Amino acid sequence: MCSSHVFATCVQERSAAVAVSEEEEDPFALPELRVDYTPWSELTVCGKLRRVLLHYILKILLLLGGLYIFVCSLSFLGDAFQLLGGKVAGKAFANNEILANPVAGLMIGVLATVLLQSSSTTTSIIVSMVGSGELLTVSQAIPIVMGANIGTSVTNTIVAMGQITNKADFRRAFAGATVHDMFNWMTVLVLLPVEVIVKAAAGQGWLEWMSGKLVVAMAPEQDKTQDRNYLKVITDPFTKLIIQIDKKVINDIAQGNDVTNKSIILHKCDKCFMFEYATNPSRGDSRLSDTAVGVILLIISLVLLCACLVLIVKLLSSLLRGQIALVLRKFINADFPGHFKYFTGYVAILIGAGLTVLVQSSSIFTSSLTPLVGMGVLSLDRMYPLTLGSNIGTTATGILAAFAQDSNRIHLAVQIALCHLFFNVCGIVIFYPLPFFRPPIAAAKFLGLRTSKYRWCSILYLLFSFGAFPALIFGLSIASWIALAVVMIPIALLIICVFFIKLMQTRCPAALPKILKNWKFLPPLCRSLEPYDRALIFVTCNCCCCRRVGCCKSITDDQDSRRQNGHASIKETISNDVNNGHVGDKDATTVDEGHIDTWL
C-alpha cells in the first residue's frame, strides 16, 4: 500500500514537472531572426543593385575567403602542434610494452591526436605500424584508434571559444561542439570494456574478430592511387608558402627508427617557404628550432583562427536575415513529412559522412558547423547526426591509407581501418536509433548551460578533458592496474551514486528521504560553482578581460539584469569590495544566496 502511494505520488510529481518544463523557454531553441532591413519590393533600382553587389556578392566573396583562411589556420594549428609534440607522440607509439595496456593505449591515442591535431595523421601512423606486421598488433591498435576518435574533437571545442563573449551563442556553440566529445567518450566507455572482456574470455576481441572475418572475405589488394586528399589541392598552394612538415619523421620515430635529431620541418631547395631560411640546417646554431617555430606558428594560427571566426560570424549574421535566413534555417533543420520523419537524421548522417570524406577531415567539417550552431542557424538536434556522420567519414582516411600498404601486409592494415569504422558504426547503433535515448545530447546541453554561466569552466573543461585527465589515467595505468583501480573505482561509484540520486530527484523525489531531496546537506564547495566563481573574481580583481569576456557568473548575471531590467550594477560593488578585501562577505555582492546554481 505504501509503495503504491509512493508510485502514485511520483507519477503526479513527474507530470507536474513535465508541465512546468514545457512552459519554460528552451535555452537551446533556435532564436527568432531579426528583420531589420528594407524589404526588396520597397527598394529603388539603385537600392536593389547596391544590395546585390555590396550585401550579397561582396559579402559572399568575403565569406568564402574567410572560410579558406579558417581552414588554412586549422592546418597551421595542426602543424604547430606537430612541431611542438610530434616527436613525443612518435616515441609514445614506439613503446610496445605500454601499448599492450589497453587503457594506456587509449590515452596515448587521445594525447597523440591532441598533439598532432589530426586523427587522420594518428590513424595513418597506426595503420602503417600495423601494416608492418612487427611493430603493433591489431588488438593493441584498437584502443589507440578509439583514443584518436576522442582526441579529434578538441578542435571544434576550441573553435566554440570564439563565441564566448555572447552568452546565448556560446551556450549553443559549446553544446554543439561537445556533443562530439560526449558521443566519443560514451562510446569508448561502452565498447572498450566489451572488447577487453571478450578478448579475455575468447582470446580475441569482437571488433578484431568481426573485422578479421570481413578482411578474409574482401581479399584486399594494394592500390596506392587511393590515397588522395581533395581539400589539400586547394589549401596547399597557400599553406606550403608558410610551412612544410615532414610527417615521415613522426612515422619513423613511431616505428623505432633513430631520427630524433632530424627536424620535422621539410627542407627542399626547390620549394622555399616562409620558415625555410630561418630553420635551414646550413645556418648551424643560429637557426630556429622546431619548438621555436612551433610556438610562432601556434600564435599565428590562433590569431588567424580567432579573426576568421569573428569575420565569419559577423558576415553570416549580416547575410542570414529576413526571408533568406528563414528559408535556409527551415531547409537545414527540416524533417521529412509523416512517418518518414524518423529517417531524416539518417540522411544527415550520410551527408555528414560524404562531406567529411570530401574534405578528408572531421575536425574541419565539425569546426565549420560549430559557429552555425552558435548563431542559431543549425539546431543541436541536427548537429548531432551530422557529427556522427563525420565520425564515419573520417575513417575513410585510414581505409585509403591501408590500401597503400605493401600487398603482403595489407590485410592487417585494412583490418585495423575497418575496426575504426565498426567502432563508430556501433556507437551510432547504441546512441542514435532511439530518440529518447541520446545521452550525448543531454550531456552536451548540461555542459552548454554550465559553461555559459561560468565561462571559465569551458577552459577548465578543455584542459582537463584533453590534457590532465588522459595524462592522469595514463600515468596510473602505467604504474599498475591496482593503482588505477584504487583511484578510479571509488570515483566511478561516486559518479554513479550522484547520477542515480539526481535522476530520482528529478523523476521521483517522493521515494527519497528528506535529506536527499536536494543537495543542501553538502557544503557549498561540493554542490556549487559559486564559491569558485567568487574566488576567481577576487584573484583577477575583476579585470577588464573578465568584464569583456564575462567569464564569471556574477558579472554575466549583472550584465543580463542591466540589459533587461536596468538594475544597478554589481560590478562596481565587487570592484570596491575587492579593493577593500571584503569579497566573500555576506553583503559583498547583490547575488541572491538562495539562487546559487547547483553544480550537481
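Because the structure is a prediction, the values reported are computed rather than measured. (Residues numbered from 1 in each chain as written. Predicted model: local features only at pLDDT ≥ 70, side-chain atom pairs only at ≥ 80, totals over all residues. Heavy atoms only, no water.)

### Some thoughts on the packing of helix 9 (residues 206–218) against helix 19 (residues 410–431)
Consideration 1: At a minimum axis distance of 8 Å, the contact between helix 9 and helix 19 shows a crossing angle of 125°. With respect to each other, helix 9 and helix 19 are oriented oblique. For the pair helix 9 and helix 19, the sense of crossing is right-handed. Residue-level inspection shows W206, L207, E208, M210, S211, G212, L214, V215 and M218 of helix 9 in contact with helix 19, the latter providing H411, V414, Q415, L418, C419, F422, F423 and C426.
Consideration 2: In terms of residue class, the contact of helix 9 with helix 19 is built from 12 nonpolar, four polar and one charged. (Axes fitted to C-alpha atoms, helices over the stretch in contact; angles between N-to-C directions. Helix = DSSP H or I, 4+ residues; strand = E, 2+ residues; numbered from the N terminus. Parallel < 35°, antiparallel > 145°, perpendicular 65-115°, else oblique. Left-handed = near helix turned anticlockwise from the far one by under 90°. Contact = heavy atoms within 4.5 Å. Nonpolar A, V, L, I, M, F, W, Y, C, P; charged D, E, K, R; others polar.)

### Describing the nonpolar core
Consideration 1: Counting residues in each nonpolar core, the largest one holds 100 residues, and the members touching the most others are F70, I126, L136, M146, Y384 and I416.
Consideration 2: The element that contributes the greatest number of residues to this core is helix 8 (residues 167–202), accounting for 13 residues.
Consideration 3: Grouped together as the second largest cluster of nonpolar side chains are 12 residues, F76, A80, I245 and I265 included. (Core = buried A, V, L, I, M, F, W, Y, C linked by side-chain atoms within 4.5 Å. Buried < 20%, exposed > 50% of the residue type's maximum accessible area, 1.4 Å probe, protein only.)

### Some thoughts on the packing of aromatic side chains
Two measures describe an aromatic ring pair: the distance that separates the ring centres and the angle between the ring planes.
Consideration 1: Considering all chains together, one arrives at 16 aromatic pairs under this definition.
Consideration 2: Taking 5.8 Å as the distance between ring centres and 70° as the angle between the ring planes, the aromatic pair formed by W185 and F469 counts as edge-to-face. Of the two residues, W185 sits in helix 8 while F469 sits in helix 21 (residues 456–479), which places them 284 residues apart along the sequence.
Consideration 3: The class of W185 is buried, set by a relative accessible area of 14%.
Consideration 4: Members of the aromatic cluster, joined through ring pairs, are F183, Y342, F343, Y346, Y384, F431, Y432 and F437.
Consideration 5: The lysine or arginine in question, R438, covers the ring of Y432, its NZ or CZ lying 3.9 Å from the ring centre. (Phe/Tyr/Trp six-rings, centres within 6.5 Å; stacked < 30°, edge-to-face > 60°. Lys NZ or Arg CZ within 6 Å of the ring centre and 35° of its normal.)

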